[in-house]
Amino acid sequence: MSRTPNQKQLNLRQAEKVLALALAHASPREADAIAETFASIAEFVKDLVGRQHQQTLESIVEALVPKVPPTPTALKEAAMLAQARTAVLESGEWLTAAQIAGLAGFSLSNPSAQPNKWKREGAIFALRHHGVDYFPAYGLDAASGYRPLKAMAPVLALFGQGKDSWGLAYWFMSANSFLAGKRPMDLLASDPQRVLTAAEDELQAVAHG
């Protein structure tokens, strides 16, 4: 036996959602008891779901907000780092893999393949900025079809893990006393041995503190 509640029992005008449940072999009294049970727990379930939703939001917010407010020193360091990186990006021409592929005549179906291969092999480095790799134009030889300058690899190998990509960029763009105030990036193509010697001098200075 099944029983269908009438319009008054459902009170459709006030209910936000209606759950229809078919009860087989239930007497009217049993059906009423089951309906009352569902009605009594409806608000509890709704409140529980609401609390779970709020807890989820709180968890997301906590993950996005720093656990400890940044100190004035940390904020100052962050500002200085941002200025330094901006100076690096403005110091010369930086090319994406797609731009290099266009200049070098590579296939545009997978433009990052060859530049990424060069990076893995240590023939050139790249800055990772907003999820995009930017390669230094001064590290490419336009006369050889925009392949990496041969002088770049030994310099990168010399620094090894001592400098990350941003550290390398700072060094290449900075005036160097060993190079009579010139920047390594400006002499890499014309006087690669002096640049390599300047890199050796840099490492010795770091080693001796």
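Just so you know, these numbers come straight off a predicted model, no measurement behind them.

**Here we look at the overall build of the protein**
Link 1 in the chain: Scanning the protein for helices and strands turns up nine helices and five strands.
Link 2 in the chain: Ordering the α and β elements of the protein from the N terminus gives α-α-α-β-α-α-β-β-β-β-α-α-α-α.
Link 3 in the chain: With 209 residues in all, the protein has 23% of them scored as buried.
Link 4 in the chain: Across the protein, the fraction of contacts at a sequence separation of at least 24, relative to all contacts at a separation of at least 6, is 52%.
Link 5 in the chain: Taken as a whole, the protein presents about 14400 Å² of accessible surface, with 58% of it coming from carbon and sulfur.

**Remarks on the packing of helix α6 (residues 152–159) against helix α9 (residues 192–207)**
Link 1 in the chain: At a minimum axis distance of 10 Å, the contact between α6 and α9 shows a crossing angle of 5 degrees. One finds that α6 runs roughly parallel with respect to α9. For the pair α6 and α9, contact is made by Pro154, Val155, Leu158 and Phe159 and by Val195, Leu196, Ala199, Glu200, Glu202 and Leu203, respectively.
Link 2 in the chain: Across the contact of α6 with α9, the residue classes tally to eight nonpolar, no polar and two charged.

**Focus: the pairing of strand β3 (residues 132–136)**
Link 1 in the chain: Two elements, strand β1 (residues 94–95) and β3, share two bridges in a ladder whose sense is antiparallel. Paired with Trp94 across the two strands is Pro136, which belongs to β3.
Link 2 in the chain: Where strand β2 (residues 127–129) and β3 come together, three bridges link them in antiparallel fashion. Paired with Leu127 across the strands is Tyr134, a residue of β3.
Link 3 in the chain: Adjacent in sequence and paired antiparallel, β2 and β3 are bridged by two residues, among which His130 carries a positive phi angle near 55 degrees.

**Description of α6**
Link 1 in the chain: Considered for burial, the residues of α6 that qualify are Met152, Val155, Leu156 and Phe159. Across the axial projection of α6, the buried residues extend over an arc of 95 degrees, all falling on one side.
Link 2 in the chain: Of the surrounding secondary structure, the elements contacted by the buried residues of α6 are α7 (165–173) and α9.
Link 3 in the chain: Once α6 finishes, Gly160 follows within two positions and takes phi at roughly 55 degrees, a positive value.

**Focus: the confidence of the model for the protein**
Link 1 in the chain: Summary statistics for the protein give a mean pLDDT of 84 and a share of 83% for residues scoring 70 or more.
Link 2 in the chain: Across the protein, the secondary-structure element scoring lowest on mean pLDDT is helix α1 (residues 7–10), at 48, and the one scoring highest is α6, at 97.

**Digging into a nonpolar patch on the surface**
Link 1 in the chain: Judged by side-chain polarity, Leu57, Ile60, Val61, Leu64 and Val65 come together as a nonpolar surface patch covering roughly 470 Å² of accessible area.
Link 2 in the chain: Residue placement: Ile60 occurs in helix α2 (residues 28–64).

**Quick look at the nonpolar core**
Link 1 in the chain: Residues Phe125, Tyr138, Val155, Trp171, Phe172 and Leu188 are the most contacted members of the largest nonpolar core, which totals 25 residues.
Link 2 in the chain: Going through the elements one at a time, α6, α7, α8 (184–187) and α9 are the ones with two or more residues in this core.
Link 3 in the chain: With six residues, α7 is the largest single contributor of residues to this core.
Link 4 in the chain: Tyr138 has contacts with Trp94, Phe125, Leu149, Met152, Ala169, Phe172, Met185 and Leu188, leaving out every residue within four places of it along the chain.
Link 5 in the chain: Among the nonpolar cores identified, the runner-up in size contains nine residues, and Leu95, Ala97, Ala123 and Ala126 belong to it.

**Comments concerning the environment of Tyr134**
Link 1 in the chain: Within the element layout of this structure, Tyr134 appears in strand β3.
Link 2 in the chain: Residue Tyr134 is classed as partly exposed on the basis of its relative accessible area of 23%.
Link 3 in the chain: With near-sequence residues (within four places) excluded, Tyr134 lies in contact with Trp94, Leu95, Thr96, Phe125, Ala126, Leu127 and His129.

**Looking at the sheet that holds β2**
Link 1 in the chain: Pairing within the open sheet is antiparallel, and its three strands lie in the order β1-β3-β2. Pairing within the sheet leaves two strands with one partner each, and these edge strands are β1 and β2.
Link 2 in the chain: Taken strand by strand, α7 contacts β1 and β2, and its axis lies near 115 degrees from that of β2.

Rules used in this analysis
Within each chain, residues carry numbers counting from 1 in the order of the written sequence. Only residues with pLDDT of at least 70 are given local features in this predicted model, and only at 80 or more are side-chain atom pairs given and counted; all residues enter the totals for whole chains, interfaces and linings. Side-chain descriptors were evaluated using all non-hydrogen atoms of the structure, hydrogens and water having been removed beforehand. The secondary structure listing takes helices from DSSP runs of H or I that are at least 4 residues long and strands from runs of E that are at least 2 residues long, numbered from the N terminus. Note on classification: 1.4 Å probe, protein chains only; a residue is buried when its accessible area is under 20% of the maximum for its type, exposed when over 50%, partly exposed between these limits. Residue contacts are counted whenever heavy atoms from the two residues lie within 4.5 Å of one another. Areas reported here follow the Shrake-Rupley algorithm with a probe of radius 1.4 Å; residue values treat only the protein chains shown as occluding. Helix axes are fitted only over the stretch in contact, all axes being lines through C-alpha atoms; the angle between N-to-C directions runs from 0 to 180 degrees. Roughly parallel refers to an angle under 35 degrees, roughly antiparallel to one over 145, roughly perpendicular to one between 65 and 115, and oblique to any angle outside these ranges. Residues are sorted three ways: Asp, Glu, Lys and Arg are charged, Ala, Val, Leu, Ile, Met, Phe, Trp, Tyr, Cys and Pro are nonpolar, and all the rest, Gly among them, are polar. Criterion used throughout: strands pair if DSSP finds at least two bridges between them. It is the directions from the helix axis to the C-beta atoms that the arc portrays. One number per residue, pLDDT, summarises how confident the predictor is, and it ranges from 0 to 100. Patch construction takes residues with relative accessible area above 30% that form no salt bridge. Like charges are linked within 9 Å, and nonpolar side chains (Val, Leu, Ile, Met, Phe, Trp, Tyr) are linked within 5 Å. Here, a salt bridge means any Lys or Arg side-chain nitrogen found within 4 Å of an Asp or Glu carboxyl oxygen. Put simply, a nonpolar core is a bunch of buried Ala, Val, Leu, Ile, Met, Phe, Trp, Tyr and Cys residues held in one set by side-chain atoms that sit within 4.5 Å of each other.

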